[in-house]
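The primary structure of each chain is shown beneath.
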Amino acid sequence: MPYKNFITEVLSAHADQLLNKNDRDPDYVRLFPQHRDLPSLLSLAAQVKSALEPVAPAATFTDRLHADLLAAAQSRQHPQNSSATLMTSPIVISSIVGGLLAIAGIFLFVRNQMQQKNPV
């Protein structure tokens, strides 16, 4: 296991034990004596834990967050049809414009052919 992953795993286990206030705390320093920076990291983790105070969000915040998450999930499950309407609108408009241009082209072609037959 690479060194970085090892330290991450040990510090994670140590943090879990600090949060759970587990008295059967294994002595990581004795378990892994070859890692000389481990005692200072474990000490720093304990100091950070003692400096932090537990924080709980307000009930209104959690209720609003829950409602917003449910609304977002529902909107993803049932997409609006407005996107389908917007996609068909440019197609319809472009086909109408194309049809008008085709009619105008035919009209000009016929008019040009008639003028060539009847020179003025």
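All values derive from a computational prediction rather than experimental measurement.

Let's talk about the overall build of the chain
In terms of helices and strands, the chain carries 5 helices and 0 strands. Ordered by position in the sequence, the α and β elements of the chain form the string α-α-α-α-α. Taken across its 120 residues, the chain has 8% of its residues classed as buried. For the chain, the accessible area works out to roughly 10,600 Å², and carbon and sulfur atoms hold 64% of it.

Observations regarding the nonpolar core
Core analysis: the largest hydrophobic core is formed by 6 residues, namely Phe6, Ile7, Val10, Tyr28, Leu38 and Leu42. Elements supplying a minimum of two residues to this core: helix H1 (3-20) and helix H3 (38-51). Looking at this core, the element that brings in the most residues is H1, giving 3 residues. Those residues in contact with Ile7, other than ones at most four positions away along the chain, are Leu38 and Leu41.

Notes on H1
Compared with an ideal rise of 1.5 Å per residue, which puts 18 residues at 26 Å, H1 spans 26 Å between its outermost C-alpha atoms and is within 8% of the ideal. Of all the residues in H1, the buried ones are Phe6, Ile7, Val10, His14 and Gln17. Taken end-on, H1 shows its buried residues confined to a sector of 95 degrees, consistent with a single buried face. Relative to its buried face, H1 has exposed residues pointing more than 90 degrees away, namely Lys4, Leu19 and Asn20. Looking at the buried residues of H1, the elements they touch are helix H2 (28-31) and H3. Lys21 lies just past H1 and shows a positive phi near 50 degrees.

Remarks on the packing of H1 against H3
With their axes 10 Å apart at the nearest point, H1 and H3 run at an angle of 35 degrees to one another. The chirality of how H1 crosses H3 is right-handed. Counting all contacts with H1, which are made through Ile7, Val10, Leu11, His14, Leu18 and Leu19, the residues of H3 involved are Leu38, Leu41, Leu42, Ala45, Ala46 and Lys49. In the contact of H1 with H3, the residues fall into 10 nonpolar, 1 polar and 1 charged.

Criteria and cut-off values
- Residues numbered from 1 in each chain as written.
- Predicted model: local features only at pLDDT ≥ 70, side-chain atom pairs only at ≥ 80, totals over all residues.
- Heavy atoms only, no water.
- Helix = DSSP H or I, 4+ residues; strand = E, 2+ residues; numbered from the N terminus.
- Buried < 20%, exposed > 50% of the residue type's maximum accessible area, 1.4 Å probe, protein only.
- Areas by Shrake-Rupley, 256 points an atom, 1.4 Å probe, with all protein chains shown as cover.
- Core = buried A, V, L, I, M, F, W, Y, C linked by side-chain atoms within 4.5 Å.
- Contact = heavy atoms within 4.5 Å.
- Expected span 1.5 Å × (residues − 1).
- Arc of directions from axis to C-beta.
- Axes fitted to C-alpha atoms, helices over the stretch in contact; angles between N-to-C directions.
- Left-handed = near helix turned anticlockwise from the far one by under 90°.
- Nonpolar A, V, L, I, M, F, W, Y, C, P; charged D, E, K, R; others polar.

Limitation: the analysis is restricted to geometry and does not speak to function.
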